[in-house]
Amino acid sequence: MTGGSGVRLVLVGPPGAGKGTQAQLLKERLGVEHVSSGDLFRHHLSNGTELGELARAYMDRGELVPDEITIGMVIDHVDQIADAAGFMLDGFPRNTTQAEALESALQQRGQRIDRVVHIQVADDELIRRLSNRYVCRSCQRPYSRDSVTGAPPARCVDCPDGGDIYQRDDDTEEAVANRLSVYQQETAPVLEFYRQRGLLADVPGERPIDAVHDSVLRVLGVADAGAVSRS
Ligand code: AMP
């Protein structure tokens, strides 16, 4: 696997593991499409669609949105991506029913997932990160509080109009606890699903962003992982 063409990846890890950050870096590096199921839901929410309204209560509680809603939304989106672009799924599949649905949808196209990257972070670190996490409302870039002022930045540095920075409703203490337990019960079996298929690669996530990125590139077999520049 040496380039972006047609590569199909899954990023798995608990909320706060850094999947979104790593996905953004991988997108820049490999040119694959980033498909985040959470972002798709938030897009529906902010556009006030029927699907968004159906998903809202589950999301606010930190529970999984039912498969009947989620699977169709993500598979439809994947279907729209040109074959040559390849894709990287982030936040999907989150249970084995979703993993099976993805596998059979890809099989129908004569395709399969090439690699599953599992970013590992311990619970106490996840809680610390999530309670300190802010995101840009337009591009979803993550931010944290300034270590000196204790405040998050007011505007996004990436968005031309300086997107609004906010804390997600599901990053409250109660919702975070729920999301971690949902992850253990429902998403952890997805790791076994992919391990049995020989696709799973574990990457320790409690390190600087660049170090995690290098490890991700290495497990993907990208040749010059050590020399990768983020500029
Ligand atoms: P995320 O941004 O990935 O943390 O997702 C935010 C919320 O969206 C989750 O807590 C769920 O309520 C919902 N969600 C995202 N992806 C899925 C999925 N694959 N299955 C069910 N619910 C999901």
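## Re the packing of aromatic side chains
Two numbers describe a pair of aromatic rings. These are the distance of the centres and the angle of the planes. In the structure shown here, the tally under the stated rule is one aromatic pair. Their ring planes at 90° and their centres at 5.1 Å tell us that Phe 193 and Tyr 194 sit as a pair that is edge-to-face. For Tyr 194, a relative accessible area of 2% gives the class buried. Taking NZ or CZ as reference, Arg 137 lies 4.1 Å from the ring centre of Tyr 166, over its face. Positioned over the ring face of Phe 193 is Arg 197, at 3.6 Å from the centre of the ring.

## Observations concerning the pairing of strand 1 (residues 8-12)
Burial runs high along strand 1: five of the five residues are buried. The two faces of strand 1 match: Arg 8, Val 10 and Val 12 on one face and Leu 9 and Leu 11 on the other face are all buried. The sheet contact formed by strand 1 and strand 3 (residues 87-90) spans four bridges and is parallel. Residue Leu 11 lies in a different strand from strand 3, and its bridge partner there is Asp 90. Pairing of strand 1 with strand 4 (residues 115-120), which is carried by four bridges, proceeds in the parallel orientation. Residue pairing across strands places Leu 9 opposite Arg 115, the latter belonging to strand 4.

## Section: the sheet that holds strand 6 (residues 142-144)
Overall, antiparallel pairing links the three strands, which are arranged 6-5-7 in an open sheet. The strands lining the two open edges of the sheet, one partner per strand, are strand 6 and strand 7 (165-166). Pairing of strand 5 (residues 133-136) with strand 7, which is carried by two bridges, proceeds in the antiparallel orientation. In the strand pairing of strand 7, Val 135 is matched with Tyr 166.

## Here's the deal with the sheet that holds strand 8 (residues 200-204)
If you trace the five strands from one edge of the open sheet to the other, you get 2-3-1-4-8, paired in parallel fashion. Each end of this open sheet is capped by a strand with a single partner; those strands are strand 2 (33-36) and strand 8. Between one strand and the next, the sheet's axes are offset by a mean angle of 20°, whatever the strand orientation. Packed on one face of the sheet, helix 8 (residues 209-219) meets strand 4 and strand 8 and runs near 160° to strand 8.

## Some details on the site of the ligand
Taken together, 16 residues surround the ligand, and among them Ser 37, Arg 42, Glu 63, Gly 91 and Gln 98 come closest. Backbone polar atom of Glu 63 to an oxygen atom of the ligand: 2.6 Å apart, as the coordinates give it. For the ligand, whose accessible area on its own is 480 Å², the fraction buried by protein is 96%. With four residues, helix 2 (residues 37-46) is the single largest residue contributor to the shell around the ligand.

Rules behind the numbers
- Residues numbered from 1 in each chain as written.
- Predicted model: local features only at pLDDT ≥ 70, side-chain atom pairs only at ≥ 80, totals over all residues.
- Heavy atoms only, no water.
- Phe/Tyr/Trp six-rings, centres within 6.5 Å; stacked < 30°, edge-to-face > 60°.
- Buried < 20%, exposed > 50% of the residue type's maximum accessible area, 1.4 Å probe, protein only.
- Lys NZ or Arg CZ within 6 Å of the ring centre and 35° of its normal.
- Helix = DSSP H or I, 4+ residues; strand = E, 2+ residues; numbered from the N terminus.
- Pairing = 2+ DSSP bridges.
- Axes fitted to C-alpha atoms, helices over the stretch in contact; angles between N-to-C directions.
- Contact = heavy atoms within 4.5 Å.
- Near = heavy atom within 4 Å.
- Polar contact = N/O pair within 3.5 Å; in protein donor to acceptor, adjacent residues only side chain to side chain.
- Areas by Shrake-Rupley, 256 points an atom, 1.4 Å probe, with all protein chains shown as cover.

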